[in-house]
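# Observations on the model geometry
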Amino acid sequence: DQGQTHAKKRSNHVHSPLIGGERAARRSGGMAMTAATAAASATMAGMTVIEVVRGDITREHVDAIVNAANQSLRGGAGVDGAIHRAAGPRLARAGAAIAPCAPGDAKATPAFDLDPPVRHVIHTVGPVWKGGERGEADLLASCYRRSLAIADELGARSVAFSAISTGIYGFPPDQAARIAVDTIRSTPTGVELVRLVAFDQHTYELLETALAAG
């Protein structure tokens, strides 16, 4: 497994969208952020809105969630385990039936016991960090491209991504954040909303910084 997640309440506090490369000057109103709430930020990438939130990816109201999986697709610890627990034991059986999944690739299963509107789980396997000289960045970017391609095949119009490769796989989270945002921005897709779900405040801040840099 590549990341960790902790269930947290979502916040209604949202940054104004960045449209055409210009950051809006003010923030919208909402709940004050506490230890159990998180802010969100958004930008427009072509026709795709990108948001950053802090919370539990299994509670996102989207068509599909992207799981930071291992090659067996049978589940693991961290975010992978959390998604499997929420989706129920059929998810591991469905994953095993289509495994293995190579690093940089993605495959989809039904969402099983996850609450609607989530209908699909897209499993992607990120690279293990080995110093950055073995194509890790290209593989991580491929995870995002392939996941969006699968989402398009499924007809998903809203997708939530967990942090890929930043847990025990050791990918530096600042680099991973930039790759995530840059790849989503540059990938043609019919997905209208991409939500990057951070599992802690540090990851949230890195993703927000990467998003604002565009």
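About the thresholds
Residues numbered from 1 in each chain as written. Predicted model: local features only at pLDDT ≥ 70, side-chain atom pairs only at ≥ 80, totals over all residues. Heavy atoms only, no water. Helix = DSSP H or I, 4+ residues; strand = E, 2+ residues; numbered from the N terminus. Buried < 20%, exposed > 50% of the residue type's maximum accessible area, 1.4 Å probe, protein only. Contact = heavy atoms within 4.5 Å. Areas by Shrake-Rupley, 256 points an atom, 1.4 Å probe, with all protein chains shown as cover. Axes fitted to C-alpha atoms, helices over the stretch in contact; angles between N-to-C directions. Parallel < 35°, antiparallel > 145°, perpendicular 65-115°, else oblique. Left-handed = near helix turned anticlockwise from the far one by under 90°. Expected span 1.5 Å × (residues − 1). Lys, Arg positive; Asp, Glu negative; His and termini not counted. Salt bridge = Lys/Arg side-chain N within 4 Å of Asp/Glu carboxyl O. Core = buried A, V, L, I, M, F, W, Y, C linked by side-chain atoms within 4.5 Å.

## What to know about the overall build of the protein
For the protein, the count of helices and strands is five helices and nine strands. The order of α-helices and β-strands along the protein, N terminus first, is β-β-β-β-β-α-α-β-β-α-β-α-β-α. Here the protein, with 214 residues, has 51% of them falling under the buried criterion. Of all intrachain contacts in the protein linking residues separated by at least 6 positions in sequence, the fraction that spans at least 24 positions is 69%. Counting only carbon and sulfur atoms, one obtains 53% of the accessible surface of the protein, whose full area is about 9400 Å².

## Examining the packing of helix α4 (residues 173–186) against helix α5 (residues 201–212)
Interaxial distance between α4 and α5 falls to 9 Å at its minimum, and their mutual angle equals 45°. Taken together, the axes of α4 and α5 lie oblique to each other. Judged by the twist between their axes, the crossing of α4 over α5 is right-handed. Residues P173, D174, A177, R178, V181 and R185 of α4 lie in contact with α5, whose contacting residues are L206, L207, A210 and L211.

## A look at the side chain of S147
Within the secondary structure, S147 is located in helix α3 (residues 136–154). For S147, a relative accessible area of 0% corresponds to the buried category. Contacts of S147, omitting those with residues within four sequence positions, involve V66, A106, I122, T124 and F161.

## Some words on α4
The periodicity of an α-helix, 3.6 residues per turn, causes residues three or four places apart in sequence to face the same way. Across its 14 residues, α4 extends 20 Å between first and last C-alpha, which sits within 8% of the 20 Å expected from 1.5 Å per residue. Within α4 the residues assigned to the buried category are A176, A177, I179, A180, V181, T183 and I184. Summarising the contacts, the buried residues of α4 are in contact with β4 (48–54), α3, β8 (158–161), β9 (193–198) and α5.

## Some points on the side chain of D80
Following the sequence through the fold, D80 ends up in helix α1 (residues 78–87). R85 is the oppositely charged side chain nearest to the buried, salt-bridge-free D80, at an N-O distance of 9.0 Å.

## A short note on the environment of V125
Structurally, V125 can be placed in the loop between β7 (120–124) and α3. The class for V125 is buried, based on a relative accessible area of 2%.

## Some details on the nonpolar core
Inside soluble globular proteins, nonpolar side chains tend to come together where they are buried. The biggest cluster of nonpolar side chains holds 32 residues, and the ones touching the most others in it are V159, F161, I184 and L196. Broken down by secondary-structure element, the contributors of at least two residues to this core are β4, β5 (64–68), α3, β8, α4, β9 and α5. Counting residues per element, this core draws most heavily on α3, which supplies seven residues. The contact partners of L196, leaving out residues within four places of it in the chain, are I50, E51, V52, V53, F161, V181, I184 and L207. V53, V62, L114 and A160 belong to the second-largest nonpolar core, a separate cluster that totals 15 residues.

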